[in-house]
Amino acid sequence: MTNNKPSTSLKWLKRIGIAVAAFFGLFLLASIAMAIFGDPAPVHSGTPATSAVAEVPQPAPAPKYLAGMDSGELSAALKKRGFTVDHQYNGGYNTWMAQGADPGLSYAVNYGSDAVGKVESLSAQVMVDPAHKDIVAGMPFIGMGAAAPFAEADAKRVGEWIEANFSTMGTHVDTVATVEVTLAAPSTILRMVTLRPVAM
């Protein structure tokens with residue numbers, strides 16, 4: 001009696017053929033759909049990450065001018081005290097150079113600004129003739145120059161600071177309100193003080 005049933009291997013070959021045909025059919029359909037409708041939108045899960053960066057507070061800018069100082073008033077006060085004051089204007093900037101003297105003492109005051117009526121920085125110096133004076137004799141002048149832009153309370157503090165450091169060699173720096181005060185003592189016969197605006 002002859003067995004007409006297909007062999008087991010033949011059955012598996014048919015099944016594999018059907019599966020391959022189905023796969024290519026699905027692939028073809030997907031390609032057609034993508035060509036017609038385009039790529040599907042990407043799907044994101046979860047909360048999107050934020051790119052915002054926390055702002056770091058910036059320091060306040062330094063003021064440009066010394067508060068309470070007027071170049072015209074300063075020039076007038078120096079002239080009244082017997083100083084000669086030379087004013088020059090060059091490249092948009094004003095400079096004033098004042099010179100004066102007392103017996104055994106010579107003074108110089110320099111200040112500048114890009115605007116008349118304002119003072120951006122000020123320096124004052126005193127030099128003594130060591131044959132006649134000690135440098136301490138120049139302290140009142142330096143103290144007056146250092147205290148120039150301040151109201152009474154701060155002017156007193158600056159004056160006390162100048163007095164405490166005047167006889168010490170080297171460079172001393174203090175900040176009062178919005179002004180940096182630098183006292184320089186490079187030698188036994190010379191003292192200089194410089195005022196510059198700084199941020200609070």
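Scroll up to find the structure.
Model, not experiment: these values are computed from the prediction. (Residues numbered from 1 in each chain as written. Predicted model: local features only at pLDDT ≥ 70, side-chain atom pairs only at ≥ 80, totals over all residues. Heavy atoms only, no water.)

*Asks:* What am I meant to see in the nonpolar core here?
*Replies:* One recurring pattern in soluble globular proteins is that nonpolar side chains are buried together. The biggest cluster of nonpolar side chains holds 33 residues, and the ones touching the most others in it are Val109, Tyr111, Leu122, Phe141, Ile142, Ile162 and Val181. For this core, the secondary structure elements donating two or more residues are helix 2 (71-80), strand 2 (93-102), strand 3 (105-113), strand 4 (121-128), helix 3 (139-147), helix 4 (152-165), strand 6 (179-187) and strand 7 (190-197). Ignoring anything within four residues of it in the chain, the contact list for Ile142 reads Ala124, Gln125, Val126, Ile162, Phe166, Leu183, Arg191 and Val193. (Core = buried A, V, L, I, M, F, W, Y, C linked by side-chain atoms within 4.5 Å. Buried < 20%, exposed > 50% of the residue type's maximum accessible area, 1.4 Å probe, protein only. Helix = DSSP H or I, 4+ residues; strand = E, 2+ residues; numbered from the N terminus. Contact = heavy atoms within 4.5 Å.)

*Asks:* Looking at this structure, how should I read the sheet that holds strand 3?
*Replies:* In sheet architecture, strand pairing relies on hydrogen bonds along the backbone and comes in two forms, parallel and antiparallel. The seven strands lie next to each other as 1-2-3-4-7-6-5, forming an open sheet whose pairing is antiparallel. Since the sheet does not close on itself, it has two edges, and those belong to strand 1 (84-90) and strand 5 (170-176), each with one partner. Within this sheet the neighbouring strands show an average axis-to-axis angle of 15°, counted without direction. Two strands pair when backbone bridges link them, and strand 3 and strand 4 are joined in this way by eight bridges, in the antiparallel orientation. Residue pairing in the sheet places Tyr111 in a bridge with Leu122 of strand 4. The strands that helix 3 touches are strand 3, strand 4, strand 6 and strand 7; relative to strand 4, the one it contacts most, it runs at about 180°. Each of strand 5, strand 6 and strand 7 is contacted by helix 4, which is oriented at about 165° to strand 5, the strand it contacts most. (Pairing = 2+ DSSP bridges. Axes fitted to C-alpha atoms, helices over the stretch in contact; angles between N-to-C directions.)

*Asks:* Even after reading the chapter, I still don't get the packing of helix 3 against helix 4, so can you show me in this structure?
*Replies:* Geometry of a packed helix pair, given as the angle between the helix axes and the separation of the axes. Following both chains from N to C, one finds helix 3 and helix 4 inclined at 140°, their axes separated by 9 Å at the closest point. Judged on the interaxial angle alone, helix 4 and helix 3 are oblique. Seen along the crossing, helix 3 lies across helix 4 with a hand that is right-handed. The residues of helix 4 that touch helix 3, namely those facing Met139, Ile142, Gly143, Ala146 and Ala147, are Ala155, Val158, Ile162 and Glu163. Looking at the contact of helix 3 with helix 4 residue by residue, the class counts come to seven nonpolar, one polar and one charged. (Parallel < 35°, antiparallel > 145°, perpendicular 65-115°, else oblique. Left-handed = near helix turned anticlockwise from the far one by under 90°. Nonpolar A, V, L, I, M, F, W, Y, C, P; charged D, E, K, R; others polar.)

*Asks:* How do you make sense of helix 4 when you look at a structure like this?
*Replies:* For the α-helix, the turn length of 3.6 residues means that residues three or four positions removed from each other point alike. For helix 4, which comprises 14 residues, the first-to-last C-alpha distance of 20 Å matches the rise-based estimate of 20 Å (1.5 Å per residue) to within 8%. Those residues of helix 4 that fall on the buried side of the exposure criterion are Ala155, Val158, Trp161, Ile162 and Asn165. Within helix 4, the buried residues cover an arc of 125° as seen down the axis, which keeps them to one side. Away from its buried face, by an angle of more than 90 degrees, helix 4 presents the exposed residues Glu152, Ala153, Lys156, Glu163 and Ala164. Buried positions along helix 4 lie against helix 3, strand 5, strand 6 and strand 7. (Expected span 1.5 Å × (residues − 1). Arc of directions from axis to C-beta.)

*Asks:* Help me understand the pairing of strand 5 in this model?
*Replies:* Along any regular strand, the residues point their side chains to alternate faces of the sheet. Pairing of strand 5 with strand 6 involves seven bridges; the strand directions are antiparallel. Counterpart to Val173 in the pairing with strand 6 is Thr182. Here strand 5 folds back onto strand 6 in antiparallel fashion, the turn holding two residues, of which Ala177 has a positive phi close to 55°.

*Asks:* Help me out: how do you make sense of the environment of Tyr111 in this one?
*Replies:* Along the polypeptide, Tyr111 turns up in strand 3. It is 5.4 Å that separates the C-alpha atoms of Tyr111 and Trp96, two residues lying 15 residues apart in sequence. The contact partners of Tyr111, leaving out residues within four places of it in the chain, are Ser71, Leu74, Ser75, Leu78, Val85, Asn94, Thr95, Trp96, Val119, Ser121 and Leu122. In terms of polar contacts, Tyr111 uses its side chain to reach the side chain of Ser75, at 2.6 Å. (Polar contact = N/O pair within 3.5 Å; in protein donor to acceptor, adjacent residues only side chain to side chain.)

That's the geometry; what it means functionally is another story.
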